[in-house]
Amino acid sequence: MTDHVSSGGAVCRRRRCAALVAVGVLLPLPVLAGCSQGDTASSVAQSQDIAPAPRGAVRDGGTVRWAIDTLPRTFNAFQSDADAATTRVTGAVLPSLFTLDAGGRAQRNADYLTAADISAREPRQVVTYQLNPKARWSDGRPIGAADFLAQWNALRGKDNAYWTARNAGYDRIAKVEPGAEPHQVKVTFARPYADWQSLFTPLYPKSVMGEANAFNDAAREKLPVGAGPFLVRKRDADRRTVTLVRNPAWWGDRAKLDRLVLTALPRDKRSAALAAGSVDVAAVDQAAAKQVAQAAAPATAKGVDAKAEGAAARKSALPGYVLRKALEPAYTQLALNGSAGPLADQRVRRAVARAIDRQALADSVLKPLDLPAEPLGNHLLMAGQHGYEDHSDALGDPDEGAAKKLLADAGWKPSGPAVPPPAEEERAGAGRAVTPDRADGDEDGADESDGRNPHRPGAAADRDGARPAAAEAPLSFTGAVGSEVQQSALLRQSAALYKSEAAAEKAAAAGDTGSLAYAKYRRYKKRAAQTLGAAELIETGQAPHLPGAAAGHAALRTGTGPLHVRQAGTGHSPAAAAGRAPGRAPVMRKDGRPLALRFVLPDGPGSEQLRTVGRRIAGMLNRIGVQTAVQRVPDAGYFQDHIASGDFDLALYSWPGTAFPATDARPIFAKPQPAPDGSLTVEQNYTRVGTDHIDQLFDQAASELDGDAARTLVEQADARIWAAAGSIPLYQRPELVATRKTLSNIGAFGFATPRFQDIGYTK
C-alpha cells in the first residue's frame, strides 16, 4: 500500500499551512545574543511587536517596500499554489469578514459587517450576515449575496472544473441567498459548522468566482477589482515586485501610505538589502538580525570584534532600523514516523518523547532573544491563545528512567557497545551522515528512500511491508564503534535501494539511452556507488573522524557535493570517538539489532539553528541508548522529498497556529486511511500516527456550536495526540522583523491580522 499525500493546501486556511509548507517549515530558527534595544522592553511576553501608534500620529503619504520570499504564484488564495505572498496581497485588497486579534480570536470586521450571527440552530444552522451598506467593489458594485453565492459554488467541491485547493466548511453549506432585509446574506448549513467565521475570507468578487475559467486563470497575475484599503496596480515579474496603491473608493479609514511595494527578496540577501537601505520591512534571519542589533547597540557595550562589526554596520543604513520580535503563531515539533520500524511501537515513541528535555531546547532558542522560553504544551493552540492549556502531562515529564522502562517493555534491552556521550558544547548525537546533494540535476522528484516508506519506488527489497533491517556491515576496522556500525549499515542499506531503483529504471528504459528512465538509472547508479564508497571508508577506518585514521585525511567528496559521515558530538577527541569517554550509555538492542533511528535535517546555510536543535535532541536520545544517524539533505527537497513522502524516522519541522483548530488541525493529525486504489491517504499527517478517537473528537468539535463544549472537545483531542506520541511540540518559533525606526503599526504581528490602512511613518 503506497502513501498518498493530499495536496499541501487541500485543507489549509488563510495564514496557515500553504504558507508554512511553502517556506515556513524550513525557515531558520533565529538565535541572537544581546539583541535587546533601547526602545524595546528587556523581557516581554509578547504576542506582537508592531510599534503601535494612533492614526493621528501617523503622517499621510509615502511608500513602504516590504520583503516577501517570492512573487505570489497566484492572487487566488483558494488555489493549491497560493502562498504567504498571496495572503499578504489579499489581506490588503480583498474583504476579510473576520480578522484575528493578538490572541488569535476572530473579530467581526466592521468595515464589511455591521452584524454576523448564528440566527438559527434548528432544524438547521443559519448564519445571517448584515453587510456594511458602504461596502462596495472598486468597480462601484455593492458587495452582496451574489458574491457569497459565487464563492460557495466555486469552493463547495461539487464542480471539478474549479481547480480548488480546499473546500473545508463550504462543503457543509446547503444554501446561500439574500436575506429578508437589504444588504443581508443568509447562509444555511446542511451540517452544523462551528468554524463558520473562517468562511468567505478573503471574499472575491463574482467576476472571479462565478465561472470556472475565471477562477482558474483570471486572478493568477491580475486582480483588477478589489474592496480593501489598497488595490493591486501591477505584478512586475522583471522587477520581482507587486505594487499596491491606495484605493480611492475605500469607504473605511483612508490608507496612510500611498503605496505598498512587495518585493521578492531571498532571505540570504536581506542583510545586504537592509545595509543598502533598499527595503523598509523584512522578516530576517540570524545574521541580519544580529547586524541590526549591533548597529543599534552602544559601542561601549561591545568587545573589540563586536565594536568593529558595529562600526561597519553604522556606516551602512542599518542604524535606521529596529528589530521587532514576538512569538510567531507557529511551533517547531519533533516528528516521529510511526509507519514502520521501531517507531511503529507506541512505547518506543513515548520513550523517545520522554527522553527529550523540551525546556532546555526552548531555552536555547528563545532565551537569547529575550522571549518567553516556555516549551509549548499544546498541538492545537498557541501560548496566550484563548483556551490554551498544557496537555503534555498526557505523555509525562522528561524522565530517562521512565524512557528506558518503556523501551524495556517494548523488548529493547541494553547490551553491546556503549554510545559515547555527546560533547558538552554541542550535545550532539550518535552519528551524522550527510547524503549526496542533488547536484547532478535531479529535478524530477526521484526518490531517495531507505525503506522508511516501503512501498515507494526504490523499496523493492522490502518484501513484508516493514522497514528493512540494518545490513550487517563487515567492519574490518576495530576502531569503528556503535555509531559507525549504524552509519555504515544505513549507508549500505541506502546503496542497496539505489541499486534496486537503478535496475528498475534501466529495465524501463529498454535500451533507450536518451530516455528519462535511462537518465534516472544513471543517477541512481551513481548514488549507489557514492553511498557504498562512504560505507567502505568507515569500515576500513579511512573516514577522517575515526580513531587511527590517517592524519590529514582529505574530506571525502562525491560528485559535486560532499558526503560527510562523522561521529557527531565527540568534538575533536579520539577517545570520545572510540567510546572511552565516561558516562557512556549502553546501546538498546532487540533480537540482536541495535535501536538506531535516522534523523533527517535540512542542510542549507539558513538552517544552522534547526541542526543545532537536532544535535541536542540526538544527544538526549544517546543517554537512553538510542542511536541516531543524522542525515542532512538539501533544503529544496527537505519537505517534499523526505517529510511528505515519509522518508525519515525523526525530523524537525513547523506547523502554524490557527484560530480554527477543529477544521485546520484535523488533517494534520487524521488517522491515515486506505484509498480505493490501495494507496494510503495521509493528508498532512506526515508522522502517519493517528487514531479513530482523535478523528471523532475533531469531527465532533467541528460540529459543536457551543463554544465551551467545542473547546473541551479540542482539549481532549490534544491530550490524545500527546499520548500517541507522533508529534512532540518543542517551542513556538520566534518572529523577527527589521523595520524602519520611523514606521508604525508594522513589524512582528503574531496572530493579529495587519491593519494595512494604519501602517505608515510617524509624524
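Residues numbered from 1 in each chain as written. Predicted model: local features only at pLDDT ≥ 70, side-chain atom pairs only at ≥ 80, totals over all residues. Heavy atoms only, no water.

1. Some thoughts on the nonpolar core
Consideration 1: Formed by 72 residues in total, the largest nonpolar core has its most connected members in Trp 66, Tyr 129, Phe 200 and Leu 244.
Consideration 2: Among the elements that line this core, the one with the most residues is helix 3 (residues 145-155), at six residues.
Consideration 3: Those residues in contact with Phe 200 that sit more than four places away from it in its chain are Pro 95, Leu 97, Tyr 129, Phe 148, Gln 151, Trp 152, Tyr 170, Ile 173 and Val 187.
Consideration 4: By size, the runner-up hydrophobic cluster in this structure holds 59 residues, among which are Leu 265, Leu 407, Leu 597 and Tyr 731. (Core = buried A, V, L, I, M, F, W, Y, C linked by side-chain atoms within 4.5 Å. Buried < 20%, exposed > 50% of the residue type's maximum accessible area, 1.4 Å probe, protein only. Helix = DSSP H or I, 4+ residues; strand = E, 2+ residues; numbered from the N terminus. Contact = heavy atoms within 4.5 Å.)

2. Focus on the pattern of salt bridges
Consideration 1: Inspection of every chain in the model, using the stated rule, returns 25 salt bridges.
Consideration 2: Here Asp 253 and Arg 755 are joined by a salt bridge, their closest N and O atoms 3.3 Å apart. With a gap of 502 residues between them, Asp 253 in the loop between strand 10 (241-246) and strand 11 (259-264) and Arg 755 in the loop between strand 27 (743-744) and strand 28 (760-761) connect regions that are remote in the sequence.
Consideration 3: Of the charged contacts in the structure, one is a salt bridge between Asp 758 and Arg 755, with a shortest N-O distance of 2.6 Å. (Salt bridge = Lys/Arg side-chain N within 4 Å of Asp/Glu carboxyl O.)

3. Describing the pairing of strand 9 (residues 230-236)
Regular strands have side chains that alternate between both faces of the sheet.
Consideration 1: Bridge count for strand 9 against strand 10 is six bridges, and the pairing is antiparallel. Residue pairing in the sheet places Phe 230 in a bridge with Arg 246 of strand 10.
Consideration 2: Hairpin connection of strand 9 to strand 10: four residues between the antiparallel strands, including Arg 240 at a positive phi of 60 degrees. (Pairing = 2+ DSSP bridges.)

4. Brief notes about the sheet that holds strand 5 (residues 113-120)
The strands that make up a sheet pair up through hydrogen bonds in the backbone, lying either parallel or antiparallel.
Consideration 1: Taken in spatial order, the four strands of this open sheet run 5-6-8-7, and their pairing is antiparallel. Edge strands, defined here as strands with exactly one partner in the open sheet, are strand 5 and strand 7 (173-178). Between one strand and the next, the sheet's axes are offset by a mean angle of 15 degrees, whatever the strand orientation.
Consideration 2: With six bridges joining them, strand 5 and strand 6 (residues 126-131) adopt antiparallel strand pairing. Counterpart to Ile 118 in the pairing with strand 6 is Val 127.
Consideration 3: This element, helix 3, spans strand 6, strand 7 and strand 8 (184-189) of the sheet and lies at about 160 degrees to strand 7. (Axes fitted to C-alpha atoms, helices over the stretch in contact; angles between N-to-C directions.)

5. A few points about the pairing of strand 19 (residues 585-590)
Consideration 1: Across two bridges, strand 19 lies against strand 20 (residues 593-594) in antiparallel orientation. Following the sheet pairing, Arg 589 is matched in strand 20 by Pro 594.
Consideration 2: Where strand 19 folds back onto strand 20 in an antiparallel hairpin, the turn is made up of two residues, including Asp 591, whose phi is positive at roughly 55 degrees.

6. Focus on unusual backbone geometry
Trans is the common state for peptide bonds, and a negative phi is the common state for residues other than glycine.
Consideration 1: Cis geometry marks the peptide bond from Glu 122 to Pro 123; its omega dihedral reads 0 degrees.
Consideration 2: Here Pro 123 is to be found in the loop between strand 5 and strand 6.
Consideration 3: That bond from Thr 201 to Pro 202 is cis: its omega, -5 degrees, falls within 30 degrees of zero.
Consideration 4: Summarising the element assignment, Pro 202 is placed in the loop between strand 8 and helix 4 (206-209).
Consideration 5: Of note in this structure, Asp 591 is not a glycine but carries a positive phi near 55 degrees.

7. Describing the confidence of the model for the chain
Consideration 1: Taken as a whole, the chain shows an average pLDDT of 80; of its residues, 74% reach a score of 70 or greater.
Consideration 2: Residue range residues 6-45 is modelled with pLDDT below 50. Its contacts to residues more than four positions away, or to other chains, number 130 contacts. (pLDDT = per-residue confidence, 0-100.)

8. Describing the packing of helix 9 (residues 346-354) against helix 11 (residues 400-409)
Consideration 1: Their axes nearest at 8 Å, the elements helix 9 and helix 11 cross at an angle of 165 degrees. Here helix 9 is positioned roughly antiparallel relative to helix 11, judged by the angle of their axes. The way helix 9 lies across helix 11 gives a crossing that is left-handed. On the side of helix 9, the interface is formed by Arg 347, Val 348, Arg 350, Ala 351 and Arg 354, while helix 11 contributes Ala 402, Ala 403, Leu 406, Leu 407 and Asp 409.
Consideration 2: Looking at side-chain class alone, the contact of helix 9 with helix 11 contains six nonpolar, no polar and four charged residues. (Parallel < 35°, antiparallel > 145°, perpendicular 65-115°, else oblique. Left-handed = near helix turned anticlockwise from the far one by under 90°. Nonpolar A, V, L, I, M, F, W, Y, C, P; charged D, E, K, R; others polar.)

9. Topic: a negative patch on the surface
Consideration 1: On the surface, Glu 374, Asp 390, Asp 393, Asp 397 and Asp 399 cluster together to form a negatively charged patch.
Consideration 2: Structurally, the position occupied by Asp 397 is in the loop between helix 10 (358-366) and helix 11.
Consideration 3: Asp 397 gets classed as exposed once you look at its relative accessible area, which sits at 57%. (Patch = residues over 30% accessible without salt bridge, like charges linked within 9 Å, V, L, I, M, F, W, Y side chains within 5 Å. Areas by Shrake-Rupley, 256 points an atom, 1.4 Å probe, with all protein chains shown as cover. Lys, Arg positive; Asp, Glu negative; His and termini not counted. Charge placed at Lys NZ, Arg CZ, Asp CG, Glu CD.)

10. A closer look at helix 20 (residues 707-724)
Consideration 1: Helix length check: helix 20 (18 residues) gives 26 Å between terminal C-alpha atoms against 26 Å at 1.5 Å per residue, within 8%.
Consideration 2: Of the residues making up helix 20, those classed as buried are Ala 710, Leu 713, Val 714, Ala 717, Asp 718, Ile 721, Trp 722 and Ala 724.
Consideration 3: Contacts from the buried residues of helix 20 go to helix 9, helix 10, helix 17 (661-664), helix 18 (666-669), helix 19 (692-703) and strand 26 (727-740).
Consideration 4: At the N-terminal boundary of helix 20, the capping side chain belongs to Asp 706, with an oxygen 3.2 Å from the backbone nitrogen of Asp 708. (Expected span 1.5 Å × (residues − 1). Polar contact = N/O pair within 3.5 Å; in protein donor to acceptor, adjacent residues only side chain to side chain.)

11. Observations regarding helix 9
Consideration 1: Most of helix 9 sits inside the fold, with seven of its nine residues counted as buried.
Consideration 2: Taken together, the buried positions of helix 9 are occupied by Val 348, Arg 349, Arg 350, Ala 351, Val 352, Ala 353 and Arg 354.
Consideration 3: The opening residue of helix 9 is Asp 345, an N-cap whose side-chain oxygen sits 2.8 Å from the backbone nitrogen of Arg 347.

12. What to know about the side chain of Thr 687
Consideration 1: For Thr 687, the location among the structural elements is in the loop between strand 25 (680-681) and helix 19.
Consideration 2: Overall, Thr 687 belongs to the buried group, its relative accessible area being 6%.
Consideration 3: Side chain to side chain, Thr 687 and Asn 685 meet in a polar contact 2.9 Å long.
Consideration 4: Dropping the residues within four chain positions of it, Thr 687 is found in contact with Ala 335, Leu 336, Asn 337, Gly 338, Ser 339, Tyr 653 and Gly 726.

13. Topic: the packing of helix 19 against helix 20
Consideration 1: Put simply, helix 19 and helix 20 touch, their axes get as near as 8 Å, and they point 160 degrees apart. When the axes of helix 19 and helix 20 are compared, the pair comes out roughly antiparallel. At the point where helix 19 passes helix 20, the crossing takes the left-handed sense. Across from His 693, Ile 694, Leu 697, Phe 698, Gln 700 and Ala 701 in helix 19, the residues of helix 20 making contact are Ala 710, Leu 713, Val 714, Gln 716, Ala 717, Arg 720 and Ile 721.
Consideration 2: Residues belonging to the contact of helix 19 with helix 20 are distributed by class as follows: nine nonpolar, three polar and one charged.

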